[in-house]
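Spelled out, the chains give:
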Amino acid sequence: MSRLKILTEHINKPEITGIEGYIKNGGYRSLEKALKKMQPDEVTEEVKKSGLRGRGGAGFPTGMKWSFIFKGSDKPRYLLCNADESEPGTFKDRLLMEKIPHLLIEGMIASSFALGVRTAYIYIRGEYMYILHILQQAIDEAYAKGYLGENILGTSYSLDLHVHPGGGAYICGEETALIESLEGKRGNPRIKPPFPAVEGLWGCPTIVNNVETICKVPFIINEGGEAYAKIGIGASTGTKLISACGNINKPGVYEIELGVPVEEFIYSDEYCGGIKGGKQLKALVPGGSSVPILPQRLITTTAKGEPRLMSYESLADGGFATGSMLGSGGFIVFDEDQCVVRNTWNFSRFYHHESCGQCSPCREGTGWMEKILHRLEHGHGRMEDIDLLWDVQRKIEGNTICPFGDAAAWPVAAAIRHFRDEFEWHVLQPQEATRRNYGMGRSAEPVTA
Amino acid sequence: MIETKNITFSPERLAQVQTLLKRYPEGKQKSAILPILHLAQKDFGWISVEVMDYVAGLLDIQHIEVYEVATFYTMFHVHPVGKNVLEVCRTGPCMLVGSDNIVKYLEQKLNIQDGETTPDGMFTIKTVECLGACGYAPMMQVGEKYHEFLTEEKIDQLLEAFRQNATQL
């Protein structure tokens, strides 16, 4: 069966990076339709009908987000593309921007038209500077062809699009931190409300969307929202880019129709190609470092015994007790030789390093979690540390201005929830734990619930 | 080490700065701070207080506004660094496939620790957090370039190439 690919169908054609090759393969068609035959609100309506959900991690319905943009003032409105891609395990937007930059530009133009935006920015993480140059060249080409600038395609619609680099801060993927950063400040998230749709960049109504989300818009305009909604499963419509990494045979970025079984995604040669070296699957982080880790027994089937699917709903089935999240699609696979304590310590170090420092539960709590996990991993842990760790993460979750606190707490909570035996082993056998890994432990046991 | 005297952009750079400033509305020129700091780091090697003050002058903002930004974003080196900064990713997905060993190998080979610079000023090792190359790990960034699927052999070749060119690949 040939798989439907909305974003990546032409991605391996070298010509697709340039504007001529992109147009030859059907690019920029959506602008003819949107700008000449549709009203801005009709575009938003199609996006609503498509059921498209934000691909940055939160999965919020895009059409609904757009409908929140405040139109009651004469302030300029802004569309910001979040290309800050920095959730560990996530490297999908990079592929789109590097190989098919005009898809993002076309999506930005169509989306800006829908929102009544006259100036838009792509905020790209600073480490992707080489991609910024690719985007800049594509933007220059689009200006030269009349897709950007004054009176696009001879219509009354005009748009300026700029690309703006970050400086190396994970927090700037949070939309209000991104706005602060674009204003030339530290990336400290803002208290909401007011939401950016009302008061965002320079106090003006602003929408922030992920790269992959924006790249879906041309298809939705060309084929219609209903056609998009037919793809996928239930409320998980369309396709999703999954960036697969860790101990698998074929790491890389795969565009899947939502609803593919997790088992097929891991073991089929079409996708991850199974666990490297024929080893056992120990654990999975399905949606970027922030989402709960799943032990082997909850990866391919849910606690109810149903097949686990690659969809927002199925991956979350069972709540945090036995489920996880689709998140950004950063799919991290752990084989039997990996140590959950070590990995959790590693992630905690990441969150400690990246905390903006604004809220004390996060600023202090991430430091404590790193410290406690460091001593557990290095053979100096005490049994009560496990409960202390649980206590610290619980005091961070929900007690911060932005979701970063939750993102730092969830991986720790899930690791203790599912791999407590491995933490205890580190305390009971500290010498042993520095020499070898724990192995599969309870993670492989069947579900008893 | 690169000395930070003569902190002034070339006329070409200054023209580039003017183009950057036009991207933001009147009175919002502070937005150009990150793009300009990137240019400054390229030209001056690292972001000294003198560089920060110079950028503040270009943008007509308070010095402190540049200090707090330059020290918040980890890409900016606020201390002198070597000619080639080897930024090795150490986050989870890279660790799963051996980034710890890559760091150790570099430390051994260059006889410096993470965060240090070789006495000849050629290399600095800096471990960094996730660079978005998890499927092509282990990896390091040097200048603007990503070097992926690192092995000890590949590192040997890269270090040799950096030494030969004495510039960034």
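An account of the accompanying structure is given in this report.

The rules behind each value
- Residues numbered from 1 in each chain as written.
- Chains lettered and ligands numbered in written order.
- Predicted model: local features only at pLDDT ≥ 70, side-chain atom pairs only at ≥ 80, totals over all residues.
- Helix = DSSP H or I, 4+ residues; strand = E, 2+ residues; numbered from the N terminus.
- Rg over C-alpha atoms; globule rule 2.2 N^0.38 Å.
- Buried ≥ 20, exposed ≤ 12 C-beta atoms within 10 Å, placed from the backbone.
- Contact = placed C-beta atoms within 7 Å.
- Core = buried A, V, L, I, M, F, W, Y, C linked by C-beta atoms within 7 Å.
- Pairing = 2+ DSSP bridges.
- Axes fitted to C-alpha atoms, helices over the stretch in contact; angles between N-to-C directions.
- Nonpolar A, V, L, I, M, F, W, Y, C, P; charged D, E, K, R; others polar.
- Parallel < 35°, antiparallel > 145°, perpendicular 65-115°, else oblique.
- Left-handed = near helix turned anticlockwise from the far one by under 90°.
- Arc of directions from axis to C-beta.

## Some words on the overall build of chain A
Counting secondary structure elements, chain A contains 18 helices and 11 strands. Computed over C-alpha atoms, the radius of gyration of chain A comes to 22 Å, within 12% of the 22 Å expected from 2.2 N^0.38 for 449 residues, which places it in the range of a compact globule. Principal axes of the C-alpha set define a box for chain A whose edges measure 75 × 50 × 35 Å. When the 449 residues of chain A are sorted by exposure, 57% land in the buried category. Pairs at least 24 residues apart make up 72% of the contacts formed inside chain A by residues separated by at least 6 positions.

## Some details on the overall build of chain B
Along its length, chain B carries 7 helices and 4 strands. Ordering the α and β elements of chain B from the N terminus gives α-α-α-α-β-α-α-β-β-β-α. A total of 169 residues make up chain B; the buried ones form 40% of that total. For chain B, contacts bridging at least 24 residues in sequence account for 58% of all contacts bridging at least 6.

## A few points about the nonpolar core
Residues Leu80, Leu104, Met108, Ile109 and Val333 of chain A together with Cys89 of chain B are the most contacted members of the largest nonpolar core, which totals 180 residues. The element contributing the most residues to this core is helix H17 (residues 404-428) of chain A, with 11 residues. Setting aside residues no more than four positions away along its own chain, leucine 80 of chain A makes contact with Tyr121, Tyr123, Leu178, Leu182, Leu201, Thr206 and Val208 of chain A.

## Considering the sheet that holds strand S2 (residues 119-124) of chain A
Across a sheet, paired strands are connected by hydrogen bonds in the backbone, their directions being either parallel or antiparallel. Residue and element names in this part refer to chain A. An order of S3-S2-S1-S4 is seen for the 4 strands of this open sheet, with the pairing classed as parallel. The open sheet is flanked by strand S3 (160-165) and strand S4 (206-210), the only strands paired with a single partner. If you compare each strand with its neighbour and ignore which way they point, the axes differ by 20° on average. Of the strand pairs in this sheet, S2 and S3 are connected by 6 bridges, and their pairing is parallel. Opposite isoleucine 122, over in S3, you have valine 163 as the bridge partner.

## Observations concerning the pairing of strand S8 (residues 252-257) of chain A
Residues and elements named next belong to chain A. By the bridge criterion, 6 bridges tie strand S7 (residues 239-246) to S8 in an arrangement that is antiparallel. By the bridge assignment for S8, alanine 244 is matched with glycine 252. Here S7 folds back onto S8 in antiparallel fashion, the turn holding 5 residues.

## Considerations on the interface of chain B and chain A
Counting from both sides, the interface comprises 34 residues of chain B and, opposite them, 44 residues of chain A. Elements with a contribution of two residues or more to the side of chain B that touches chain A: helix H2 (33-44), helix H4 (63-70) and helix H5 (92-96) of chain B. Here the side of chain B that touches chain A is composed, by residue class, of 19 nonpolar, 8 polar and 7 charged.

## Brief notes about helix H9 (residues 211-223) of chain A
All names here are of chain A. With 11 of 13 residues buried, H9 is to be regarded as a mostly interior element. Buried within H9 we find Val211, Glu212, Thr213, Ile214, Cys215, Lys216, Val217, Pro218, Phe219, Ile220 and Ile221. Immediately beyond the C-terminal end of H9, within one or two residues, lies glycine 224, with a positive phi of roughly 95°.

## Some details on the sheet that holds S8 of chain A
Residues and elements named next belong to chain A. Within the open sheet, the 5 strands sit side by side as S8-S7-S11-S9-S10. Their pairing is mixed. Each of the sheet's edge strands pairs with one partner strand only, and the pair in question is S8 and strand S10 (294-295). Sheet topology places strand S9 (residues 281-285) next to S10; 2 bridges connect them, and they run antiparallel. Bridging from a neighbouring strand, alanine 283 pairs with proline 295 of S10.

## Section: unusual backbone geometry
In this structure, proline 194 of chain A follows proline 193 of chain A across a cis peptide bond, with omega equal to 0°. Residue position: proline 194 of chain A is located in the loop between helix H8 (175-182) and S4. Following alanine 137 of chain B, the chain continues into proline 138 of chain B via a peptide bond in cis, with omega recorded as -10°. Looking at the element boundaries, proline 138 of chain B is found in the loop between strand S2 (123-128) and strand S3 (140-142).

## Focus: the packing of helix H16 (residues 383-396) of chain A against H17 of chain A
Residues and elements named next belong to chain A. Put simply, H16 and H17 touch, their axes get as near as 9 Å, and they point 170° apart. With respect to each other, H16 and H17 are oriented roughly antiparallel. For the crossing formed where H16 meets H17, the hand is left-handed. In contact with Met383, Ile386, Leu389, Trp390, Gln393 and Ile396 of H16, H17 contributes Gly405, Ala408, Ala409, Val412, Ala413, Ile416, Arg420, Phe423, Glu424 and Val427. When grouped by side-chain class, the residues that make up the contact of H16 with H17 number 12 nonpolar, 2 polar and 2 charged.

## Considering helix H2 (residues 29-37) of chain A
All names here are of chain A. Taken residue by residue, H2 has Ser30, Leu31, Ala34 and Leu35 as its buried positions. The buried residues of H2 occupy an angular sector of 100° when projected down its axis, which confines them to one face. Those residues of H2 that are exposed and angled more than 90 degrees off the buried face are Lys36 and Lys37.

## Quick word on the environment of alanine 415 of chain A
All names here are of chain A. Relative to the elements of secondary structure, alanine 415 occurs in helix H17. The exposure class assigned to alanine 415 is buried, which follows from the 27 C-beta atoms found within 10 Å. When residues no more than four places from it in sequence are discounted, the contact partners of alanine 415 are Ile293, Val340 and Thr344.

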